[in-house]
Amino acid sequence: MPRLPAILLLALVATAQKPALFTTPFSLDEMRDKQAVIETTMGTFVVALLAEAAPNHVGHFMVRAREGAYVGTIFHRVIRYGIIQGGDPLSKDPAKVKEYGTGGLRALKREPNAEPATEGAVAAVLVPGEPDSAGDQFFVCATDQRALDGQYTVFGRVVEGLDVVQAISAVEADADGRPVTRVAITSVTIRDTPPPPVVPFADETPAELAAHHAVIDTTLGEIELEFLTDVAPEHTRAFLQFAQAGLYDGVLVHRVAKGFVIQTGAMAHRQAPLTAAQQTVVRTLQPEFSATPTLPGIVSMARGEDPASASTSFFICVGECRSLDNQYTAFARVVRGMDVVEAMEAVEVDGETPVTPIVMRSVRVR
């Protein structure tokens, strides 16, 4: 994890006198359960505003956002997988690059709180040695930065789009941390915190789950599955949720055991990292072993030695796998595309690894 310097500003602000410190015009009730949707030229992230912890900082951010003050500003300093720093009004002007980090400060009195500088924390930038010097500028922790705990007022926390923050932190930058390419804020919208998203398939009965099919789109063709919800309803539910969340997009078929199984779905063989939201979907599953004959076309979840260690990885039998009966949870069968499964079995392998990669491009639920 990158170690950050204690001082986040690039330069001090030279002003003759301090302006009057900001006091929020909003009541605490007006600031509760608010989020800031920050759109950038590299994607969008969402910040939950912590009104209870830092009411003046939250009120100031809301006022400035609604005034459009952040539009056109850039993230003028990054530390790779450490922090991103932005909000300086001077950063709108490419001609003032030497002054970046010095604008929009000395407007807020410090609001000490117990919020840690962990991954996703949003905090106010300070002039070195001046605890009551926060203003428009803020920084976002791309990873845990616990050495900063208690030094800066944390007033928000990223709840969506941490991958965007991390990607911004990793852009090419000069020795002073200035990004080579401008990463700009295009809008900041203050909204009420939306209700929790409905978890797909969470409340469906086994009969309702059985109405769904899954179409696996691979580089060798499509495979369609129907589900065995009479014996494995919870594995079916999990598989549908994994598919709906896009976990299987871009995952390799990593194992071809000829005359036995083809195996895919392991997150270790995913071509792109999971987003923070996708990571919350991954989980282990309790076994639902049954007497279902493990014959060609039967789909089961892979697992380790622990019967309760199955997760996203699954295999499709290409031969009679009766030794696996009641040892792995059989939850689906191929109803279309067995020729595609057989084509996978026929590929050249190095041990059990396909020489030419086979990619599961997506799993669509219908």
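Look a little higher up for the structure.
Below you will find a few notes about this structure. Source: prediction; values computed, not measured.

**Things to note about helix α2 (residues 55-66)**
For α2, spanning 12 residues, the distance from its first C-alpha to its last is 16 Å, which sits close to the expected 16 Å at 1.5 Å a residue. A large share of α2 lies buried, amounting to 9 of its 12 residues. Of the residues making up α2, those classed as buried are Asn56, His57, Val58, Gly59, His60, Phe61, Met62, Val63 and Ala65.

**Let's talk about the layout of surface pockets**
Considering only enclosed or pocket space, the largest pocket measures out at about 690 Å³ in volume. Glu160, Pro197, Ala277, Thr280 and Val281 are the residues nearest the centre of the largest pocket, which is lined by 27 residues in total. Secondary-structure elements contributing two or more residues to the lining of the largest pocket are β7 (154-160), α3 (162-169), α5 (233-244) and α6 (276-279). For the lining of the largest pocket, the residue count by class is 14 nonpolar, 9 polar and 4 charged.

**Brief notes about the sheet that holds strand β19 (residues 359-365)**
Here we have 9 strands laid out as an open sheet, ordered β11-β19-β9-β10-β16-β14-β15-β13-β12, and antiparallel in their pairing. Both edges of this open sheet fall to β11 (251-252) and β12 (255-257), since each of them pairs with a single strand only. Direction of pairing for strand β9 (residues 213-218) relative to strand β10 (residues 221-227): antiparallel, over a ladder of 6 bridges. From the neighbouring strand, Ile216 faces β10, where its bridge partner is Ile223. Together, β9, β10, β14 (298-301), β15 (314-317), β16 (330-336) and β19 form the strand contacts of α5, whose direction differs from that of β19 by roughly 110°.

**Notes on the pattern of salt bridges**
A full pass over the atoms with the stated rule returns 21 salt bridges. Arg178 is paired through a salt bridge with Asp174; the nearest N and O atoms lie 3.8 Å apart. Judged by relative accessible area, which is 36%, Asp174 ranks as partly exposed. The residue Glu352 makes a salt bridge to Arg255 at a minimum N-O spacing of 2.9 Å. Taken together, the residues Glu352 in the loop between β17 (349-350) and β18 (353-354) and Arg255 in strand β12 connect sequence positions 97 residues apart. Since its relative accessible area comes to 37%, Glu352 is described here as partly exposed. In this structure Arg255 comes out as partly exposed when scored by relative accessible area, which is 24%. Here the salt bridges share partners, and the residues they tie into one network are Glu222, Glu224, Arg336, Arg364 and Arg366.

**Let's talk about the packing of aromatic side chains**
In this structure the tally under the stated criterion is 15 aromatic pairs. Ring centres of Phe61 and Phe138 lie 5.9 Å apart, and the angle between their planes is 80°; this geometry places the pair in the edge-to-face category. Of this pair, Phe61 sits in helix α2 while Phe138 sits in strand β6 (residues 138-141), placing them 77 residues apart in sequence. In this structure Phe61 comes out as buried when scored by relative accessible area, which is 4%. Ring centres of Phe139 and Tyr152 lie 5.3 Å apart, and the angle between their planes is 85°; this geometry places the pair in the edge-to-face category. Pair noted here: Phe139 is in strand β6 and Tyr152 is in the loop between β6 and β7, with a separation of 13 residues, a long-range link.

Cut-offs used in this document
- Residues numbered from 1 in each chain as written.
- Predicted model: local features only at pLDDT ≥ 70, side-chain atom pairs only at ≥ 80, totals over all residues.
- Heavy atoms only, no water.
- Helix = DSSP H or I, 4+ residues; strand = E, 2+ residues; numbered from the N terminus.
- Expected span 1.5 Å × (residues − 1).
- Buried < 20%, exposed > 50% of the residue type's maximum accessible area, 1.4 Å probe, protein only.
- 1 Å grid on protein atoms, 1.4 Å probe; cavity = no way out; pocket = protein on both sides within 12 Å on 5 of 7 lines; lining within 4 Å.
- Points joined across faces, edges and corners; volume = space filled by probe spheres on them.
- Nonpolar A, V, L, I, M, F, W, Y, C, P; charged D, E, K, R; others polar.
- Pairing = 2+ DSSP bridges.
- Contact = heavy atoms within 4.5 Å.
- Axes fitted to C-alpha atoms, helices over the stretch in contact; angles between N-to-C directions.
- Salt bridge = Lys/Arg side-chain N within 4 Å of Asp/Glu carboxyl O.
- Phe/Tyr/Trp six-rings, centres within 6.5 Å; stacked < 30°, edge-to-face > 60°.

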